[in-house]
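# Remarks on the overall topology
What follows is each chain in one-letter form.
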Amino acid sequence: MGRIKVILGDNIRTLRINKGWTQVYLADRLQITAPFLAQIESGKRGTSLDLVEAIADLFEIDRKSVV
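Let us look at the structure shown here. (Residues numbered from 1 in each chain as written. Predicted model: local features only at pLDDT ≥ 70, side-chain atom pairs only at ≥ 80, totals over all residues. Heavy atoms only, no water.)

Attention now moves to unusual backbone geometry. Unusually for a residue other than glycine, Gln 31 sits at a positive phi of about 60°. Among the structural elements, Gln 31 can be located in the loop between helix H2 (23–30) and helix H3 (34–41). Located in the positive-phi region is Glu 60, a residue other than glycine, with phi close to 55°. Its place among the elements puts Glu 60 in the loop between helix H4 (49–58) and helix H5 (63–66). According to the relative accessible area criterion, Glu 60 is exposed, its value standing at 70%. (Helix = DSSP H or I, 4+ residues; strand = E, 2+ residues; numbered from the N terminus. Buried < 20%, exposed > 50% of the residue type's maximum accessible area, 1.4 Å probe, protein only.)

Among the secondary structure elements, Asp 50 is positioned in helix H4. Residues Asp 50 and Thr 33, spaced 17 residues apart in sequence, show a C-alpha to C-alpha distance of 16 Å.

Another point: the packing of helix H1 (residues 3–19) against H3. Following both chains from N to C, one finds H1 and H3 inclined at 120°, their axes separated by 7 Å at the closest point. Taken as axis vectors, H1 and H3 run oblique relative to one another. On H3, the residues that touch Lys 5, Gly 9, Asp 10, Ile 12, Arg 13 and Arg 16 of H1 are Leu 37, Ile 40 and Glu 41. Grouping the constituent residues of the contact of H1 with H3 by class yields three nonpolar, one polar and five charged. (Axes fitted to C-alpha atoms, helices over the stretch in contact; angles between N-to-C directions. Parallel < 35°, antiparallel > 145°, perpendicular 65-115°, else oblique. Contact = heavy atoms within 4.5 Å. Nonpolar A, V, L, I, M, F, W, Y, C, P; charged D, E, K, R; others polar.)

Next up, the structure:
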């Protein structure tokens, strides 16, 4: 498992939990499935930069902080 995928997944999970959002809610907002989000959060699956950008937008993260 790639270290970056694990770190990204952990960060997404932490942000989601801090907002009080479920995986289903976040997945719906991102227009992906909850199982796909679960795989990202567990580090088992990577994702596109477009989806990372959409996640950053939802959590109102400054894009300068992401790159």
